[in-house]
Amino acid sequence: MAQCSFLPDLFCNFPAVDENLMREFKKSVDLSFKAFVRSYGDILTTIMQPLQWFLNWLQDFFVNTPWIIILIGMTAIVYLASRNIKITAGTALSMIVIGLVGLWNDTMVTLAMVTVCTLISIVIGIPIGIFMARSDRFQSIVNPILDVMQTMPSFVYLIPVVMIFGIGKVPGLIAVVIYAVPPMIRLTNLGIRLVDKEVLEAADAFGSSNRQKLKNVQIPLALPTIMAGINQTIMMSLAMVVVASMIGVGGLGKNVLQAITNQFFTVGFLNGFALVAIAIIFDRASQAYGRRLQKHSEVIHG
């Protein structure tokens, strides 16, 4: 550059750490992590084995159960959640179209993965969100971690889990949960913090303990916001399933990856349509359920 002809080298070339020092640093970190994997990889794999069994069982249940039973069960659950005939009919129509184009089994595999990831995210996210709502200090510690989890490129999650667990469903499940759990934590925290202070003061006046306030006041009033967190967790799980297919997660994500590799437009479009259909079903049903909860809480506490 012409400007560098009369400027000091310090202003033209950004001062960087010595290459040999950085090389040694990267080498030491990689060796330390590999040593950790050799020492504790088998233990961690054993700990995660029940998740593998549960996921396999649920996947076999979805795939091997007659399609008509799954279809009736899904539409019944959607109707009970939404109480909306249009959403229920849309669910039935979408699942029928998915079956007609030959993607039923792959969709069931993806549903099993998303179901397990959502359940794990709820079990992890709600308690952490409650602790965050009760402690500003804990919130200040957890928030930066959540920021990293949400902004880190999703492919980066695959590196450590593959090094520890190898290729398979469990590492894919862990990667999906890491990507999908932050909205569950954040919205649980937000929902509890938004509970009206006057309601909490009334609960205190009646002698409620912290546990009673949480169970009988804060969680019921925060439930619509918590449901929004579940909705976002499901959406992010579906988005991450395609990336996780790179490490052995089957289903629709695997088909999308193969379509990209082989440039099969129609295959990619059909599998993408199936993912979108599932996402819309979950989104509409959970939003409708959240609105019902909101109206219910307004009637009781309004």
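Since the model is a prediction, treat every value here as computed from it, not as a measurement. The written sequence of each chain sets the order in which its residues are numbered from 1. The predicted origin of the model limits local features to residues at a pLDDT of at least 70 and limits the giving and counting of side-chain atom pairs to 80 or more, whereas totals for whole chains, interfaces and linings rest on all residues. Side-chain metrics rest on all non-hydrogen atoms present in the structure, leaving aside hydrogens and water.

*Asks:* Mind laying out the overall build of the protein, listing which residues take part and the relevant values?
*Replies:* The helix and strand tally for the protein stands at 13 helices and 0 strands. Strands here are runs of E lasting at least two residues and helices are runs of H or I lasting at least four, both read from the DSSP assignment and numbered beginning at the N terminus. Along the protein, helices and strands appear, N-terminal first, in the series α-α-α-α-α-α-α-α-α-α-α-α-α. In terms of its C-alpha atoms, the protein occupies a principal-axis envelope of roughly 70 × 60 × 50 Å. Here the term buried applies to any residue with accessible area under 20% of the maximum for its type, exposed to any over 50%, and partly exposed to those in between, with areas from a 1.4 Å probe on protein chains only. Residues classed as buried in the protein amount to 39% of the 302 residues present. Excluding contacts between residues fewer than 6 apart, the proportion of contacts in the protein whose partners are at least 24 apart in sequence is 77%. Side-chain charges in the protein split into 21 positive and 16 negative, and the spacing between the mean points of these groups amounts to 8 Å. Any pair of residues with heavy atoms lying within 4.5 Å of one another is described as a contacting pair. Counted as positive: Lys and Arg. Counted as negative: Asp and Glu. His and the chain ends are not counted at all. Each charge is placed at NZ for Lys, CZ for Arg, CG for Asp and CD for Glu.

*Asks:* Explain the packing of helix α8 (residues 154–165) against helix α9 (residues 169–193) residue by residue, including any values.
*Replies:* Interaxial angle, 0 to 180 degrees, is taken between N-to-C directions of lines fitted to C-alpha atoms, where a helix line uses only the stretch in contact. For the pair α8 and α9, interaxial distance at closest approach is 9 Å and the crossing angle is 140°. Note that α8 runs across α9; the crossing there is right-handed. For the pair α8 and α9, the contacting residues are Ser154, Tyr157, Leu158, Val161 and Phe165 in the first and Val170, Pro171, Ile174, Ala175, Ile178 and Tyr179 in the second. Counted by class, the contact of α8 with α9 contains 10 nonpolar, 1 polar and no charged residues. Helix crossings fall into two classes, left-handed where the near helix is turned counterclockwise from the far one by less than a right angle and right-handed where it is turned clockwise. In the scheme used here, Gly and all other residues not listed as nonpolar or charged are polar, with Ala, Val, Leu, Ile, Met, Phe, Trp, Tyr, Cys and Pro taken as nonpolar and Asp, Glu, Lys and Arg as charged.

*Asks:* Please give an account of the side chain of Ser237 that cites residues and values.
*Replies:* Here Ser237 lies in helix α11 (residues 210–244). Here Ser237 falls in the buried class, since its relative accessible area comes to 0%. Those residues in contact with Ser237, other than ones at most four positions away along the chain, are Val114, Cys117, Thr118, Val176 and Ala180.

*Asks:* Lay out the pattern of salt bridges in plain terms, naming residues and giving numbers.
*Replies:* Any carboxyl oxygen of Asp or Glu within 4 Å of a side-chain nitrogen of Lys or Arg constitutes a salt bridge here. Evaluation of the coordinates by the stated rule reveals 3 salt bridges. With a shortest N-O distance of 2.8 Å, Arg193 and Asp136 are connected by a salt bridge. Of this pair, Arg193 sits in helix α9 while Asp136 sits in helix α7 (residues 136–151), and the two are 57 residues apart along the sequence. The exposure class of Arg193 is partly exposed, given its relative accessible area of 28%.

*Asks:* Please set out a nonpolar patch on the surface residue by residue, giving values where relevant.
*Replies:* Residues Val148, Met152, Val156, Ile159 and Met163 make up a contiguous nonpolar surface patch of roughly 390 Å² in combined accessible area. Top element by residues in the nonpolar patch is α8. It accounts for 3 residues. Secondary-structure assignment places Val148 in helix α7. Nonpolar side chains (Val, Leu, Ile, Met, Phe, Trp, Tyr) within 5 Å and like charges within 9 Å form the patches, drawn only from residues with over 30% relative accessible area and no salt bridge. For the accessible areas, the method is Shrake-Rupley and the probe is 1.4 Å, while residue cover comes only from the protein chains on display.

*Asks:* Could you give an account of the packing of aromatic side chains, naming the residues involved and the relevant values?
*Replies:* Aromatic rings from Phe, Tyr and Trp, with only the six-membered ring used for Trp, were paired whenever their centres fell within 6.5 Å, and each pair was classed as stacked if the ring planes differed by under 30 degrees, edge-to-face if by over 60, and tilted otherwise. Counted under the stated rule, the structure contains 7 aromatic pairs. A centroid spacing of 5.8 Å and a plane angle of 15° characterise the contact between Trp57 and Phe61, whose relative ring orientation is stacked. A residue pair is termed a helical-turn pair when its members lie 3 or 4 positions apart in one helix, as Trp57 and Phe61 do in helix α3 (residues 49–64) at 4 residues. Judged by relative accessible area, which is 52%, Trp57 ranks as exposed. Ring geometry for Phe61 versus Phe62: centroids 5.9 Å apart, planes at 50°, classification tilted.

*Asks:* If you had to explain the environment of Ile281 to someone new, which residues and values would you point to?
*Replies:* Position of Ile281 relative to the elements: it lies in helix α13 (residues 265–301). Residues Ile281 and Asp42, 239 residues apart in the sequence, show an inter-C-alpha distance of 39 Å. Excluding residues within four positions of it along the chain, Ile281 makes contact with Val78, Thr91, Ser94 and Met95.

*Asks:* Give me the lowdown on α11, citing residues and values where you can.
*Replies:* Over its 35 residues, α11 extends only 40 Å from the first C-alpha to the last, a length that falls short of the 51 Å expected when each residue adds 1.5 Å. A residue's bend is simply the angle between two axes: one fitted to the seven residues ending at it, one to the seven starting at it. When the local axis directions of α11 are compared, the greatest deviation, roughly 60°, occurs at Leu223, which is followed within four positions by the proline Pro224. In this scheme, a helix's expected span is set at 1.5 Å multiplied by one less than its residue total.

So far we have only geometry, and geometry alone does not tell us how the molecule works.
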